[in-house]
Amino acid sequence: MKKILIVEDEKSISMVLKAYLVKAGYVVEQVYDGGEAIRIFKEWKPSLVLLDVRLPNQDGWLILNKIREHSACPVIILTALDDVEQRLKGLREGADDYLCKPFVGEEVVARVQAVLRRQTHLVTEVAAIFGQLKINYATREVILHGQNIMLTPRDLDLLIFFSRHPNQSFSREQLIEAVWGFDYEGSDRAVDLSVKRIRHSLRDWSAEEGEIATIRGLGYQFRVK
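Our subject in this report is the structure included herewith. Just so we're clear, the structure is a prediction, and the values are computed from it rather than from any experiment. (Residues numbered from 1 in each chain as written. Predicted model: local features only at pLDDT ≥ 70, side-chain atom pairs only at ≥ 80, totals over all residues. Heavy atoms only, no water.)

1. Observations regarding the overall build of the chain
And then number 1: Helix and strand content of the chain: 8 helices and 13 strands.
And then number 2: Along the longest, intermediate and shortest principal axes, the C-alpha atoms of the chain span 65 × 35 × 25 Å.
And then number 3: For the chain, with 225 residues in total, the buried portion stands at 48%.
And then number 4: Within the chain, contacts between residues at least 6 apart in sequence are counted, and of these 54% link residues at least 24 apart.
And then number 5: Carbon together with sulfur atoms contributes 51% to the accessible area of the chain, which is approximately 11,500 Å² in total.
And then number 6: Separation between the mean location of the 31 positive side-chain charges and that of the 32 negative ones in the chain comes to 4 Å. (Helix = DSSP H or I, 4+ residues; strand = E, 2+ residues; numbered from the N terminus. Buried < 20%, exposed > 50% of the residue type's maximum accessible area, 1.4 Å probe, protein only. Contact = heavy atoms within 4.5 Å. Areas by Shrake-Rupley, 256 points an atom, 1.4 Å probe, with all protein chains shown as cover. Lys, Arg positive; Asp, Glu negative; His and termini not counted. Charge placed at Lys NZ, Arg CZ, Asp CG, Glu CD.)

2. A look at the sheet that holds strand E11 (residues 169-171)
And then number 1: Strand order in the open sheet made by the 3 strands is E11-E13-E12, with antiparallel pairing throughout. One side of each edge strand has no neighbouring strand; the edge strands of this open sheet are E11 and strand E12 (210-215). Going from strand to strand, the sheet's axes swing by 25° on average, the running direction of each strand aside.
And then number 2: Pairing between E11 and strand E13 (residues 219-224): 3 bridges, direction antiparallel. Residue pairing across strands places Ser-171 opposite Gly-219, the latter belonging to E13.
And then number 3: Packed on one face of the sheet, helix H6 (residues 153-164) meets E11, E12 and E13 and runs near 60° to E13.
And then number 4: Contacting E12 and E13, helix H8 (residues 189-201) runs over the sheet at an angle of about 155° to E12. (Pairing = 2+ DSSP bridges. Axes fitted to C-alpha atoms, helices over the stretch in contact; angles between N-to-C directions.)

3. What about the sheet that holds strand E4 (residues 75-80)?
And then number 1: Strand order in this open sheet of 5 strands is E2-E1-E3-E4-E5, and the pairing throughout is parallel. Two strands in the sheet have a free side with no partner beyond their single neighbour: strand E2 (27-31) and strand E5 (97-101). Across this sheet, the average inter-strand angle for adjacent strands is 20°, counted without regard to direction.
And then number 2: Direction of pairing for strand E1 (residues 3-7) relative to strand E3 (residues 48-52): parallel, over a ladder of 4 bridges. Residue pairing in the sheet places Ile-4 in a bridge with Leu-48 of E3.
And then number 3: Those strands touched by helix H1 (residues 11-23) are E1, E2, E3, E4 and E5, and its axis lies near 170° from that of E2.

In structure tokens, the structure reads:
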């Protein structure tokens, strides 16, 4: 079930948002103080954030920047109807959409559904992003929900190979050749053990975003939505 984090200091607005989203089948957490937003975001790991830009203690722009430092989690900005510059700034700084106040509840749900539907994986020469999982090829860092994931060099090589070939199936022999090398003389059981360790390290990665799937009679597939 998708989780929505509402960061809005006006409790009446927050409660209306929550009512519509809960009715639509989402799990909702509310934050009224900007200073608490990042802590709750990291702990709760939402599927999407509804973020007001004017908050006490820490404004929405700083929160958006902190989210974008480590996460591709969708963010919808909440802003005033007549504040065009705020809306444009939000989109420039990494927001996925915006909602104008006052809003219609049904539109809120429709916008949330639309953003979640179009959240797809992104693979470039520099990095790959699959929901909350980010793999930086340049720095060889794996980040999940804003936290660095430590892998052995060989396990990291395998994960990088998978991420460069999403939704493609590979036999153990193909993975051995691609990652371990043609001169590897050990058992292809090494692939199974490596996959097992990677799965354990990524155990908090949502199955709705992706997984390393076992293909019966063949091998493995890095399956992403």
